[in-house]
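Inside the fold
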Amino acid sequence: MTPTLKIDWLDKLQLCLQTLAFCLVIATVQYIFQPQKPYEVPAVYSLLIGTITWALMDFGRHFFPSSAITGWPQGAAALALPVGAIVAGYGVGTALADAWFGWSSWDGNAASQLRVSLLITALAGVSCTYYFYNRGKQNYLQSQMALASQQAAEARLKLLETQIEPHMLFNTLANLRALISTDPDRALTMLDHLNNYLRATLTASRTTPGHASHTLQTEFDRLRDYMELMAVRMGPRLRYVLDLPPGLARLPLPALLLQPIVENSIKHGLEPSRPGGEIRVSAQLVNQQLQLQVSDTGVGLAPGQDTAACGFGLTQVRERLHGLYGDSFRFDMQAQLPHGLVTTLVLPAPAAQTP
C-alpha cells in the first residue's frame, strides 16, 4: 500500500457537487425545523462546513497509504483522517460563516445552537466517511469485474483466432505422405502451403488477443494456401476464385477472419455435393465500407434450415466481429440460385497500411 497522489479531477468535481447537494439538503432540514431564521443562514454554514470537511477528507486520503480495494487509508489514519477533517471543517467553516454574517457562534447565547451544529456536523461527517469508503470499494469491484470481463473476452477471441481444424490438418498430413511417393513435386508445393498456413495461425496466437491483424493481401494469400491444401483431398471437385482489387490489398483485416467462412462453405456446401463446386471470395468498397463476400455453388441450405446450423465457423466469425466492432458491422447469409450460399460481411473501412 502506497500513497495515491494521482487525482482524477473529474471524479473530484462529481464528489464536490454531490457534497454541495448534501449540504443543501441538511440546510433545508434545519430550515424546516427553524423557519423563523432566514434560509441563507443554515445554507451558508452547511455549505462552508461540508465543503471544507469533504476537501480535507477526500484530498487528504491521497497522502496516506491506502487499500487497493477501498482507496481508504489503513491503520490509525483510517480514524484520524475523518475525525481531523470533521473537527477542522467545523471550526474553519464556522469561522468563515461567522465572518460572513458578522457574529460569533461561540458566545454564551448560541450554546444550544452550537451543540446542534456540532451534532449535525458529526453525523454528516460519519455519513460522508461511510459513503467514500463504500464508493471506493464499489469502484474497485466494478473495475475488477470489467477487467475480468475484458480478459475473458480476449481469451475467447484468442481461441477463435487461432482455431485450427484438427481433421483438416491430419487429413492434409496423410495426403502429403501419400504424395511423397507418387508425386514428390506436388507434395513439396503442398508442404509450402501448409507451412504458410500454420505460420499465419501461430503468428495470430502470439499477437495481443483480439488485435491480430494483417493486410487483405495476406488474408487472401492464406486463403489460397488453405484452398490448395483442401484441393489435395478434393481434387478437381474444388474450384476457387480469389478476387482482390489491387487498391484494397493494403487494407488491414483481423487475421484469418474469412477462413472459417470458407471452411463452412467446403464442409457444408461442396463436400456433400457429388460434383463439388466453386468458391469465390471477393472484396470491394461499397459506400465507404469494406464488403467481403464468400459464395459457393454447393448444396446450399435445405428448405427451412437455420443458418446457425451451418457450423461453428460462423459462430466464430460473428463473435469475433462483435468483439472487434461492436454493432458496427453486418453479417448476412443468403441462398444463391440455382444452388449454393452467399455470406457477406460489411465492415467499417480502415485506412490502408503503409508498405
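Here we summarise the structure given alongside this text. Predicted model only: the values in this text are computed from it and were never measured.

Things to note about the packing of aromatic side chains
- With the rule as written, the count across this model stands at five aromatic pairs.
- Centre to centre, the rings of Y31 and Y39 are 5.7 Å apart; their planes meet at 90°, and the pair counts as edge-to-face.
- Residue classification places Y31 among the partly exposed positions, given a relative accessible area of 32%.
- Relative accessible area serves as the criterion here: at 32%, Y39 is assigned to the partly exposed category.
- Measuring from ring centre to ring centre gives 6.0 Å for Y45 and F101, while their planes differ by 10°; the resulting arrangement is stacked. You can see Y45 sitting in helix α2 (residues 40-60) and its partner F101 sitting in helix α3 (residues 77-101), a full 56 residues away along the chain.
- Joined through ring pairs, the aromatic side chains of W9, W54 and F59 make up one cluster.
- Across from the ring centre of F59, 5.3 Å away, lies the NZ or CZ of K12, which sits over that ring.

As for the sheet that holds strand β7 (residues 341-348)
- Pairing is mixed in the open sheet, where five strands are placed in the order β2-β4-β5-β7-β6. Each end of this open sheet is capped by a strand with a single partner; those strands are β2 (238-243) and β6 (330-335). Adjacent strand axes in the sheet meet at a mean angle of 15° when their direction is disregarded.
- The pairing of β6 with β7 spans six bridges and is classified as antiparallel. Bridge pairing links D332 to T344 in β7.
- Of the strands in this sheet, β2, β4 (277-286) and β5 (289-296) touch helix α7 (residues 216-234), which is tilted by about 175° from β2.
- Set on the sheet, helix α8 (residues 259-270) makes contact with β2, β4, β5 and β7; between it and β4 the angle comes to about 145°.

As for the packing of α2 against α3
- Orientation of α2 relative to α3, taken along the N-to-C sense of each, is 145°, at an axis distance of 8 Å. Every pair of crossing elements has a handedness; the one defined by α2 and α3 is right-handed.
- Among the residues forming the contact of α2 with α3, the class breakdown is 19 nonpolar, five polar and two charged.

Rules used throughout
Residues numbered from 1 in each chain as written. Predicted model: local features only at pLDDT ≥ 70, side-chain atom pairs only at ≥ 80, totals over all residues. Heavy atoms only, no water. Phe/Tyr/Trp six-rings, centres within 6.5 Å; stacked < 30°, edge-to-face > 60°. Buried < 20%, exposed > 50% of the residue type's maximum accessible area, 1.4 Å probe, protein only. Helix = DSSP H or I, 4+ residues; strand = E, 2+ residues; numbered from the N terminus. Lys NZ or Arg CZ within 6 Å of the ring centre and 35° of its normal. Pairing = 2+ DSSP bridges. Axes fitted to C-alpha atoms, helices over the stretch in contact; angles between N-to-C directions. Contact = heavy atoms within 4.5 Å. Left-handed = near helix turned anticlockwise from the far one by under 90°. Nonpolar A, V, L, I, M, F, W, Y, C, P; charged D, E, K, R; others polar.

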